[in-house]
Amino acid sequence: LPTYLPTYLLIGMLYVWRLHPSLAVVLLCGVIARSVFSGCYGSISRDLSDAQQDALASASAVALQGLTLVPTIRAYGTQRHESRRYAEQVGALLGLQNRQGGWYGVSRVVTGALNAALLGSTLMVGASLVARGALPVQSLTALVLYTGFVSAASSDIGDQWARVQEALGSATKVVRA
């Protein structure tokens, strides 16, 4: 995880707190929501990656067995059977990769929705503060920019977390051995 991302997040949050604490709370809620989702998505990615490694190992075992027994398979005429066995194993792997791709798509949609909700909430709360005279208009403009800054940093942290979990899922069997 790049160390500059949490630093960006912290600096942005502190600046927003200095502008107005209630807006910092709105921003913090968005960061927490993204963190919860990133944790869930990371866990799913890890499990799917582990399952993909198992499926790949199974497909490799079937292929190796078929290749080492080519004369026997030809002698008994079971090429179609062996081909189906391998296709089933590769199909299982493809299904897992499709599921992981689907979850990645869901994560992009959720991240976009969280970004939009966070920006909308910031504008609503900020506009009410401007209307009451509790916040200058210039500060609201800066706040919108910092909301994007903090949102992007927290999104990048979530993406990196998911990639780390995916790598850990791929290495589960190696670590256990």
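Residues numbered from 1 in each chain as written. Predicted model: local features only at pLDDT ≥ 70, side-chain atom pairs only at ≥ 80, totals over all residues. Heavy atoms only, no water.

K.L.:
How would you summarise the nonpolar core if you had to cite specific residues and measurements?
P.N.:
Ranked by size, the top nonpolar core spans 19 residues in total, and within it Leu9, Val16, Leu23, Leu27, Leu135, Leu143 and Val150 carry the most contacts. For this core, the secondary structure elements donating two or more residues are α1 (4-19), α2 (21-68), α4 (79-132) and α5 (137-170). With six residues, the top contributor of residues to this core is α5. For Val150, the contacting residues outside a window of four places in its chain are Leu9, Gly12, Met13, Leu27 and Val31. (Core = buried A, V, L, I, M, F, W, Y, C linked by side-chain atoms within 4.5 Å. Buried < 20%, exposed > 50% of the residue type's maximum accessible area, 1.4 Å probe, protein only. Helix = DSSP H or I, 4+ residues; strand = E, 2+ residues; numbered from the N terminus. Contact = heavy atoms within 4.5 Å.)

K.L.:
Give me empty space enclosed by the protein: which residues, what numbers.
P.N.:
One pass over the full model with this rule turns up one cavity of 30 Å³ or more. Here the largest cavity is characterised by a volume of approximately 70 Å³. Contributions of two or more residues to the lining of the largest cavity are made by α2, α4 and α5. Residues of the lining of the largest cavity, tallied by class, amount to three nonpolar, five polar and three charged. (1 Å grid on protein atoms, 1.4 Å probe; cavity = no way out; pocket = protein on both sides within 12 Å on 5 of 7 lines; lining within 4 Å. Points joined across faces, edges and corners; volume = space filled by probe spheres on them. Nonpolar A, V, L, I, M, F, W, Y, C, P; charged D, E, K, R; others polar.)

K.L.:
How would you sum up the packing of α2 against α5? Please name residues and give values.
P.N.:
Where α2 meets α5, the closest approach of the two axes is 7 Å, and the angle between their N-to-C directions is 20 degrees. In terms of their interaxial angle, α2 and α5 are classed as roughly parallel. α2 and α5 meet at a crossing whose hand is right-handed. Of the residues contributing to the contact of α2 with α5, the split by class is nine nonpolar, 14 polar and five charged. (Axes fitted to C-alpha atoms, helices over the stretch in contact; angles between N-to-C directions. Parallel < 35°, antiparallel > 145°, perpendicular 65-115°, else oblique. Left-handed = near helix turned anticlockwise from the far one by under 90°.)

K.L.:
Hey, could you go over the pattern of salt bridges for me, with residue numbers and the actual values?
P.N.:
One pass over the full model with this rule turns up three salt bridges. Glu82 is the salt-bridge partner of Arg85, the closest N and O atoms lying 2.7 Å from each other. Taken together, the residues Arg85 and Glu82, both in helix α4 and three residues apart, mark about one turn of the helix. (Salt bridge = Lys/Arg side-chain N within 4 Å of Asp/Glu carboxyl O.)

K.L.:
Describe α4, listing the residues and the values that go with them.
P.N.:
Counted at 1.5 Å a residue, the expected span for α4 with its 54 residues is 80 Å, and the 79 Å between its end C-alpha atoms agrees. Along α4, the residues that are buried comprise Glu82, Leu93, Leu96, Gln100, Ser107, Thr111, Leu118, Thr122, Gly126 and Leu129. Those residues of α4 that are buried lie in contact with α2, α3 (70-76) and α5. Among the residues trailing α4, Gly133 stands out with phi positive, at a value near 85 degrees. (Expected span 1.5 Å × (residues − 1).)

K.L.:
Describe the side chain of Thr111, with residues and values.
P.N.:
You can see Thr111 is positioned in helix α4. A polar contact is formed between the side chain of Thr111 and the backbone oxygen of Ser107, at a distance of 2.8 Å. Each residue touching Thr111, except ones within four places of it in the same chain, is listed here: Arg34 and Ser155. (Polar contact = N/O pair within 3.5 Å; in protein donor to acceptor, adjacent residues only side chain to side chain.)

K.L.:
Hey, could you go over a nonpolar patch on the surface for me, with residue numbers and the actual values?
P.N.:
Taken together, the side chains of Tyr4, Tyr8 and Phe149 define a hydrophobic patch exposed on the protein surface, amounting to about 300 Å² of accessible area. Overall, Tyr8 belongs to the partly exposed group, its relative accessible area being 39%. (Patch = residues over 30% accessible without salt bridge, like charges linked within 9 Å, V, L, I, M, F, W, Y side chains within 5 Å. Areas by Shrake-Rupley, 256 points an atom, 1.4 Å probe, with all protein chains shown as cover.)

K.L.:
Got a sec to walk through the packing of aromatic side chains? Specific residues and values, please.
P.N.:
For the coordinates displayed, the defined rule picks out three aromatic pairs. With a centroid separation of 5.7 Å and an interplanar angle of 75 degrees, the aromatic rings of Tyr146 and Phe149 are classed as edge-to-face. Taken together, the positions of Tyr146 and Phe149, both in helix α5 and three residues apart, correspond to about one turn of that helix. Judged by its relative accessible area of 27%, Tyr146 falls in the partly exposed class. Among the aromatic residues, ring-to-ring pairing joins Tyr15, Tyr146 and Phe149 into one connected group. (Phe/Tyr/Trp six-rings, centres within 6.5 Å; stacked < 30°, edge-to-face > 60°.)

K.L.:
Please give an account of α1 that cites residues and values.
P.N.:
Counting along an α-helix, one turn takes 3.6 residues, and residues three or four places apart therefore face a common direction. Given a rise of 1.5 Å per residue, 16 residues ought to cover 22 Å, and the 22 Å separating the end C-alpha atoms of α1 matches this to within 8%. Restricting attention to buried positions, one finds in α1 the residues Leu5, Leu9, Gly12, Met13, Val16 and Leu19. For α1, the arc enclosing every buried residue in end-on projection is 115 degrees, short of the 170-degree limit, so these residues lie on one face. In this structure, α1 carries Leu10, Leu14 and Arg18 as exposed residues pointing more than 90 degrees from its buried face. Where α1 is buried, its residues meet α2 and α5. (Arc of directions from axis to C-beta.)

Coordinates in, geometry out; function isn't part of it.
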